[in-house]
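# Descriptive structure summary
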Amino acid sequence: MTVDIDRAAQDAVNLIADRIRNLKTLNIIVAGKTGVGKSTLINAIFREKLAETGMGKPVTEHMRKLTKKNVPIAVYDTRGFELGRDVQAEVRREIVDAIRKGLATQDINKAIHCIWYCINTASNRVEPEEIQWLKELSKENRVTQVPVIIVLTQSFSRKKADELRRILLNENLDVVQIIPVLAQDYEIDDDYVAKSYGMDVLIKVMGEALPEELIDTLQNVQIASIEEKKRRAQAAVATASVAAAGEGAAPVPFSDCAMLIPTQLGMIATITVIFGFDVNKSIITALLSATLGSGGATLLGKVFVSNLLKVIPGIGTIGGGAISAAAAGVITAALGEAYIGVMELVFNGEMNISDLNTEQGRETMTKMFRQRLSVRRK
């Protein structure tokens, strides 16, 4: 059985589009005084520069909604927090109202899922009013229990950030975590630059606090942690490998194992969505052409089968042997890990997504697959 590469590519593109379409919308409220660096933080964490100057739809007197087309996230940015106790109380009411209204819809796409409260570490202190504000918010949030994370922004000095964190921990606030963050590299002088940090920790904590149905969305929209993207993608590979092993356990001739392709295409679609890249049909076609070969025995094609016969005992011959559960799982896992490796190169700027459409890109994918397969057979 051979595989129609063009059709397989279209199937993969359709799967990617379907998964993106079904991503839930992640809704976050970001609060704190003006000047604490909320916009810088938002733009450093999420793709598509959500907090560009002048953007945002006003939803209340002190809150605007930041969105971008085709990006499944909405950030509710509060403003004017420091303008007196009356305004502080009004901001808190607006936040609580937004939480309750979202909850009342019983629609996960409209619910508020997390609150970031930002405090500027560089100010060297926490105002008593802020502590009181957080405690009062916790009281009103007791029923809805939306996770609250304190983000210590502009943490140029890790020592000062740790001191401020200890002070806040001693207040026994009802928050998920207190996380020091420096959202951008900061040049202190000509000889020293404070490197950005902490954003990966924020994403990790978010991943632990959010419901499972929002984790793919979080990974799709975040650009702060390659490790969390990889962790989620590796979980998808593990799931696909188990499914492929089940399919491989059936007594189907190795040459007819194009039955594994839907599982493997689904895995590739999931990984693509997690990394948040725009992958079109031509790129998928190039990827499949480089891996399927002309026979389509597996997603990596008969071109690799002779090598697999050497490294996976008990498979038999291409024409008459039956693929084993172990072989199907190994092939699928190696493919998934190789694709994650390519996505990591793109994420880190070491190659462009369009490079997959080049000879060098195909060679990179082939090399990564061989390496992953070699590791897994040991």
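Residues numbered from 1 in each chain as written. Predicted model: local features only at pLDDT ≥ 70, side-chain atom pairs only at ≥ 80, totals over all residues. Heavy atoms only, no water.

The subject of this paragraph is the overall build of the protein. Within the protein one finds 13 helices and nine strands. In the protein, which comprises 378 residues, the share counted as buried stands at 50%. Counted over contacts in the protein with a minimum sequence separation of 6, partners at least 24 positions apart contribute 71%. Accessible surface for the protein amounts to roughly 17500 Å². Of this, 49% is attributable to carbon and sulfur atoms. (Helix = DSSP H or I, 4+ residues; strand = E, 2+ residues; numbered from the N terminus. Buried < 20%, exposed > 50% of the residue type's maximum accessible area, 1.4 Å probe, protein only. Contact = heavy atoms within 4.5 Å. Areas by Shrake-Rupley, 256 points an atom, 1.4 Å probe, with all protein chains shown as cover.)

This paragraph deals with the pairing of strand β2 (residues 57–60). With three bridges joining them, β2 and strand β3 (residues 63–68) adopt antiparallel strand pairing. Note on β3: the bridge partner recorded for Pro58 is Arg64. The loop that links β2 with its antiparallel partner β3 comprises two residues. (Pairing = 2+ DSSP bridges.)

Moving on, we get to the confidence of the model for the protein. Put simply, the protein has an average pLDDT of 85, and 84% of its residues get 70 or more. In this model residues 294–307 is a low-confidence stretch, pLDDT under 50, and it forms 45 contacts with partners more than four residues away in sequence or in other chains. Every residue in residues 315–322 is under pLDDT 50, and counting partners more than four places away or in other chains gives 22 contacts. (pLDDT = per-residue confidence, 0-100.)

What follows deals with a nonpolar patch on the surface. A cluster of nonpolar side chains, contributed by Phe156, Tyr186, Ile188 and Tyr192, occupies part of the molecular surface with about 390 Å² of accessible area. With respect to the element layout, Ile188 can be found in strand β8 (residues 186–189). (Patch = residues over 30% accessible without salt bridge, like charges linked within 9 Å, V, L, I, M, F, W, Y side chains within 5 Å. Salt bridge = Lys/Arg side-chain N within 4 Å of Asp/Glu carboxyl O.)

What follows concerns the packing of aromatic side chains. This model, assessed by the stated rule, comprises four aromatic pairs. Geometrically, the ring pair formed by Phe46 and Trp116 is stacked, given 5.8 Å between the ring centres and 10 degrees between the ring planes. With Phe46 in the loop between α2 (38–45) and β2 and Trp116 in strand β5 (residues 114–120), this pair connects stretches of sequence that are 70 residues apart. Here Trp116 falls in the buried class, since its relative accessible area comes to 0%. When the centroid spacing of 4.2 Å and the interplanar angle of 35 degrees are considered together, the rings of Phe156 and Tyr186 count as tilted. With Phe156 in the loop between β6 (148–153) and α5 (158–169) and Tyr186 in strand β8, this residue pair connects regions lying 30 residues apart in the sequence. The class for Tyr186 is partly exposed, based on a relative accessible area of 39%. Above the ring of Tyr197, the side-chain terminus of Arg158 is found at 3.6 Å from the ring centroid. (Phe/Tyr/Trp six-rings, centres within 6.5 Å; stacked < 30°, edge-to-face > 60°. Lys NZ or Arg CZ within 6 Å of the ring centre and 35° of its normal.)

Two elements in contact, α2 and helix α6 (residues 199–209), have axes whose closest approach is 11 Å; the angle formed by their N-to-C orientations is 75 degrees. If you check the angle between α2 and α6, you find them roughly perpendicular. From α2, Leu41, Ala44 and Ile45 reach across to α6, where they touch Met199, Leu202 and Ile203. (Axes fitted to C-alpha atoms, helices over the stretch in contact; angles between N-to-C directions. Parallel < 35°, antiparallel > 145°, perpendicular 65-115°, else oblique.)

So, about α5. Taking 1.5 Å of rise per residue, the twelve residues of α5 would be expected to cover 16 Å, and the 16 Å separating its terminal C-alpha atoms lies within 8% of that figure. Ala161, Leu164 and Leu168 are the residues of α5 that are buried. Taken end-on, α5 shows its buried residues confined to a sector of 65 degrees, consistent with a single buried face. If you follow the buried residues of α5, they end up packed against β5, α4 (128–140), β6 and β7 (177–180). (Expected span 1.5 Å × (residues − 1). Arc of directions from axis to C-beta.)

Now for the pairing of β8. Bridge analysis of β8 against strand β9 (residues 192–194) gives three bridges, and the strand direction is antiparallel. Pairing of Tyr186 across the sheet is with Ala194, part of β9. Remark: two residues form the turn of the hairpin made by β8 and β9, two consecutive strands paired antiparallel.

Another point: the nonpolar core. Grouped together as the largest cluster of nonpolar side chains are 43 residues, with contacts concentrated most on Ile271, Phe275, Ile284, Tyr339, Met343 and Ile353. Where this core is concerned, the elements lending two or more residues are α1 (5–21), α8 (226–248), α9 (261–275), α10 (281–292), α12 (325–347) and α13 (359–377). Ignoring sequence-local partners within four residues, the contact set of Tyr339 consists of Ile268, Ile271, Thr272, Val279, Leu287 and Met365. The next biggest cluster of nonpolar side chains, apart from the first, holds 33 residues, and it includes Ile45, Phe46, Val151 and Met206. (Core = buried A, V, L, I, M, F, W, Y, C linked by side-chain atoms within 4.5 Å.)

Glancing now at a negative patch on the surface. Residues Glu187, Asp189, Asp190 and Asp191 make up a contiguous surface patch of negative charge. The residue Glu187 is located in strand β8 in this model. By relative accessible area, which is 51% here, Glu187 ends up exposed. (Lys, Arg positive; Asp, Glu negative; His and termini not counted. Charge placed at Lys NZ, Arg CZ, Asp CG, Glu CD.)

Tallying each qualifying case throughout the model produces 17 salt bridges. We note a salt bridge from Lys195 to Asp185, for which the minimum N-O separation is 3.0 Å. Taken together, the positions of Lys195 in the loop between β9 and α6 and Asp185 in the loop between β7 and β8 put the pair ten residues apart, joining distant regions of the chain. With a relative accessible area of 53%, Lys195 lands in the exposed category. For Arg362, the salt bridge goes to Glu359, with nearest N and O atoms at 3.1 Å. Residue Arg362 and its partner Glu359 are located together in helix α13, separated by three residues, close to a single helical turn. Judged by relative accessible area, Arg362 falls into the partly exposed class, the value being 23%. One continuous salt-bridge network, built from bridges that share partners, spans Lys38, Arg64 and Asp77.

Relative orientation of the contacting elements α1 and α9 amounts to 45 degrees, with a least axis distance of 9 Å. In terms of orientation, α1 and α9 fall into the oblique class. The chirality of how α1 crosses α9 is right-handed. Contact residues: α1 offers Ala8, Asp11, Ala12, Leu15, Ile16, Arg19 and Ile20, while α9 offers Leu265, Gly266, Ala269, Thr270, Thr272 and Val273. (Left-handed = near helix turned anticlockwise from the far one by under 90°.)

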